[in-house]
Each structure stands twice: as C-alpha cells, then as structure tokens.
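Topology and contacts: notes
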Amino acid sequence: MARGGSTMGEEPTWAESLLMFVFIGAIPTVVGGAVLLSLFGLTMWATAPLRRRRRTSA
C-alpha cells in the first residue's frame with residue numbers, strides 16, 4: 001500500500017538553488033545574445049553595398 005508522509009522531494013540547498021538560478025538566467029542571455037549578433041551581422045551584410053557605393057562616389 002501507499003506509504004504515509006510527504007510526496008514532495010527534499011528542499012534544495014542554497015548552492016543548488018543558486019546553480020539553477022544561474023542556468024535559468026543563462027538560457028535567455030545566450031539566446032538573446034545570438035539573436036542580437038545575428039541581427040547585427042545581417043544588418044552589416046545588407047548595408048555593405050550601400051557603404052561601398054557611398055565610398056566610391058565620394
């Protein structure tokens with residue numbers, strides 16, 4: 001039969017909580033950084049012909 005007592009697991013230690021907080025915070029940082037770098041790179045790539053044209057006409 002079923003045992004009595006709590007069905008919840010143990011409370012995490014402060015170190016485990018801190019580690020989980022760091023991991024959870026790192027995911028949006030990495031993804032957001034990749035998106036920003038991609039947008040920056042695409043912008044530089046898309047505007048390269050305009051910069052080249054401006055430089056030759058000056």
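A brief report on the enclosed structure follows.

Cut-off values and rules
Residues numbered from 1 in each chain as written. Predicted model: local features only at pLDDT ≥ 70, side-chain atom pairs only at ≥ 80, totals over all residues. Heavy atoms only, no water. Patch = residues over 30% accessible without salt bridge, like charges linked within 9 Å, V, L, I, M, F, W, Y side chains within 5 Å. Areas by Shrake-Rupley, 256 points an atom, 1.4 Å probe, with all protein chains shown as cover. Salt bridge = Lys/Arg side-chain N within 4 Å of Asp/Glu carboxyl O. Helix = DSSP H or I, 4+ residues; strand = E, 2+ residues; numbered from the N terminus. Buried < 20%, exposed > 50% of the residue type's maximum accessible area, 1.4 Å probe, protein only. Polar contact = N/O pair within 3.5 Å; in protein donor to acceptor, adjacent residues only side chain to side chain.

1. Some remarks on a nonpolar patch on the surface
Where nonpolar side chains cluster on the molecular surface, the patch consists of Ile 27, Val 31, Val 35, Leu 36 and Leu 39 and spans about 490 Å² of accessible area. Examined against the element boundaries, Val 35 turns out to sit in helix α1 (residues 14-57).

2. Some thoughts on the environment of Thr 47
For Thr 47, the position within the fold is in helix α1. Note on Thr 47: relative accessible area 26%, which makes it partly exposed. Polar side-chain contacts of Thr 47 include one of 2.8 Å to the backbone oxygen of Thr 43.

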